[in-house]
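Chain residues, written in single-letter form:
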Amino acid sequence: MPPKSAPRSRPAPRTAVVRAVPGVRRTQAERRETTRRKLLDATLETLVEQGYARLTTVAVAKRAGVSQGALFTHFDTKEELLAVAVEHLFPRIIQDFLAGVGARPSGKDRVGAAVDMLWAVYQRPELQAAIELYVAARTDPELQRALAAVDGPHRRNLHHVARELFPDVAATHPDFDDVVELALDAVQGAAVGGAARPSDPAHRRMLDTLARFMRVAFAPKA
């Protein structure tokens, strides 16, 4: 009888090796920018909910999910944080304004549409909260300086947007920028008054009068 061969050993089961698909590693600069955006969004949200007088950097940091120390690695002062948050808001407001004007039927009164949309964006809670900072800056020199650094570029950008909306008028009317500035100040001033008188029918009359004035000012030169 031939000798029994030794039983063949069964191969050990293979262990599946799961290779993690490497994610895209963000750079330190990208991580820093993400944290910065969270802080700016948290600042605007806190400002809307609590107002300038009650806003604290502790509350902002908590909402953003970072420490207060981390907040001050991005912004030197509370005033700088507030001013940059407003600067962070402005492009979104302008984009919504342009979308609103562009959504109006073509051939309709563009001046009236622009005035109405300007008033509409000034009713947004986040922009009204930003106006609160401008009022507070009257007695806060540091906040005033911080806002001045961002307001100039924003104002110039608004005039650039106006020139895009009314290119022919801008090219033929030397006082175009003055009329735009008047319209901005009129609507912003009415928005401040609207905080105390939100349903005042005088606002509608003021907007209609402003639009009529702008149509005359923008009429083709003889």
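Computed from a predicted structure; not experimentally measured.

Criteria and cut-off values
- Residues numbered from 1 in each chain as written.
- Predicted model: local features only at pLDDT ≥ 70, side-chain atom pairs only at ≥ 80, totals over all residues.
- Heavy atoms only, no water.
- Helix = DSSP H or I, 4+ residues; strand = E, 2+ residues; numbered from the N terminus.
- Buried < 20%, exposed > 50% of the residue type's maximum accessible area, 1.4 Å probe, protein only.
- Contact = heavy atoms within 4.5 Å.
- Areas by Shrake-Rupley, 256 points an atom, 1.4 Å probe, with all protein chains shown as cover.
- UniProt positions renumbered as here; feature names shortened; annotations may be inferred.
- Expected span 1.5 Å × (residues − 1).
- Bend = angle between axes of the 7 residues up to and from the residue.
- Core = buried A, V, L, I, M, F, W, Y, C linked by side-chain atoms within 4.5 Å.
- Domains from an automatic or database assignment.
- Arc of directions from axis to C-beta.
- Salt bridge = Lys/Arg side-chain N within 4 Å of Asp/Glu carboxyl O.
- Patch = residues over 30% accessible without salt bridge, like charges linked within 9 Å, V, L, I, M, F, W, Y side chains within 5 Å.
- Lys, Arg positive; Asp, Glu negative; His and termini not counted.
- Charge placed at Lys NZ, Arg CZ, Asp CG, Glu CD.
- Phe/Tyr/Trp six-rings, centres within 6.5 Å; stacked < 30°, edge-to-face > 60°.
- Lys NZ or Arg CZ within 6 Å of the ring centre and 35° of its normal.

Caption draft 1: View of the overall build of the protein chain. Per the secondary structure count, the protein chain includes 10 helices and 0 strands. Along the protein chain, helices (α) and strands (β) appear in the sequence α-α-α-α-α-α-α-α-α-α when read from the amino end. A total of 222 residues make up the protein chain; the buried ones form 36% of that total. Counting contacts in the protein chain only where the partners sit at least 6 residues apart, residues at least 24 apart contribute 65% of the total. Entry remark: accessible area of the protein chain is about 14200 Å², with carbon and sulfur atoms responsible for 56%.

Caption draft 2: Fine view of the environment of Ala-170. Residue position: Ala-170 is located in helix 8 (residues 167-172). When near neighbours in sequence (up to four residues on either side) are disregarded, Ala-170 contacts Arg-163 and Phe-176.

Caption draft 3: Broad picture of the UniProt feature "DNA-binding region" (unreviewed entry) in the protein chain. The sites that UniProt annotates as "DNA-binding region" (unreviewed entry) are residues 56-75. The span residues 56-75 is 75% helix and 0% strand, and its two end C-alpha atoms sit 14 Å from each other.

Caption draft 4: Molecular detail of the side chain of Thr-43. For Thr-43, the location among the structural elements is in helix 1 (residues 28-54). Setting aside chain neighbours within four positions, we find Thr-43 in contact with Leu-55, Val-60, Leu-81, Leu-82 and Ala-85.

Caption draft 5: Local environment of helix 7 (residues 141-165). Between its terminal C-alpha atoms helix 7 stretches 35 Å, which fits the 36 Å expected from 25 residues at 1.5 Å a residue. At Ala-148, helix 7 is deflected by roughly 30°, the largest bend along its length. Where helix 7 is buried, its residues contact helix 1, helix 4 (78-102), helix 5 (110-122), helix 6 (125-136), helix 8 and helix 9 (176-194).

Caption draft 6: A look at the nonpolar core. Phe-97, Val-121, Tyr-122, Leu-127, Phe-176, Met-214 and Phe-218 are the most contacted members of the largest nonpolar core, which has 64 residues in total. When residues of this core are assigned to domains, at least three fall in each of domain 1 (28-75) and domain 2 (76-218). For Phe-176, the residues in contact, after removing those within four places along its chain, are Ala-162, Arg-163, Phe-166, Val-169, Ala-170 and Phe-218.

Caption draft 7: Quick look at the environment of His-160. Among the structural elements, His-160 can be located in helix 7. Since its relative accessible area comes to 43%, His-160 is described here as partly exposed. Here the alpha-carbon distance between His-160 and Asp-177, two residues 17 residues apart in the chain, equals 9.5 Å.

Caption draft 8: Just the environment of Thr-46, in detail. Inspection of the secondary structure assignment puts Thr-46 in helix 1. Separated by 13 residues in the primary sequence, Thr-46 and Ala-59 place their C-alpha atoms 7.4 Å from one another. Leave out the neighbours within four places in its chain, and Thr-46 touches Gly-51, Leu-55, Ala-59, Val-60 and Arg-63.

Caption draft 9: Main features of helix 2 (residues 57-64). When helix 2 is considered as a whole, its buried residues turn out to be Thr-57, Val-60, Ala-61 and Ala-64. With its buried residues spanning 95° around the axis, helix 2 presents them on a single face. In this structure, the buried residues of helix 2 make contact with helix 1, helix 3 (68-74) and helix 4. Trailing helix 2 by a residue or two, Gly-65 shows a phi angle of about 80°, which is positive.

Caption draft 10: A look at the pattern of salt bridges. All chains considered together, the criterion is met by 13 salt bridges. Among the salt bridges present, the one from Asp-116 reaches Arg-204, with a minimum N-O distance of 2.9 Å. One end of the pair, Asp-116, is in helix 5; the other, Arg-204, is in helix 10 (residues 202-217), with 88 residues separating them in the sequence. Under the relative-accessibility criterion, Arg-204 is labelled partly exposed at 40%. Here the salt bridges share partners, and the residues they tie into one network are Glu-45, Glu-49 and Arg-63.

Caption draft 11: Focus on a positive patch on the surface. On the surface, Arg-25, Arg-26, Arg-31 and Lys-38 cluster together into a patch of positive charge. Position of Arg-31 relative to the elements: it lies in helix 1. Given the relative accessible area of 39%, Arg-31 is considered partly exposed.

Caption draft 12: Quick peek at the packing of aromatic side chains. Throughout the structure, instances matching the rule amount to 2 aromatic pairs. Arranged with centres 5.7 Å apart and planes meeting at 50°, the rings of Phe-166 and Phe-218 form a pair that is tilted. Of this pair, Phe-166 sits in the loop between helix 7 and helix 8 while Phe-218 sits in the segment after helix 10, and the two are 52 residues apart along the sequence. An identical accessibility class is assigned to Phe-166 and Phe-218; each is buried. Note on Phe-176 and Phe-218: the rings are 5.3 Å apart at their centroids and 25° apart in plane angle, and the pair reads as stacked. Of this pair, Phe-176 sits in helix 9 while Phe-218 sits in the segment after helix 10, and the two are 42 residues apart along the sequence. Its relative accessible area of 1% is what places Phe-176 among the buried residues. Here the aromatic cluster, defined as three or more aromatic residues joined through ring pairs, consists of Phe-166, Phe-176 and Phe-218. The residue whose ring lies beneath Lys-78 is Tyr-52, and the NZ or CZ to ring-centre distance is 5.5 Å.

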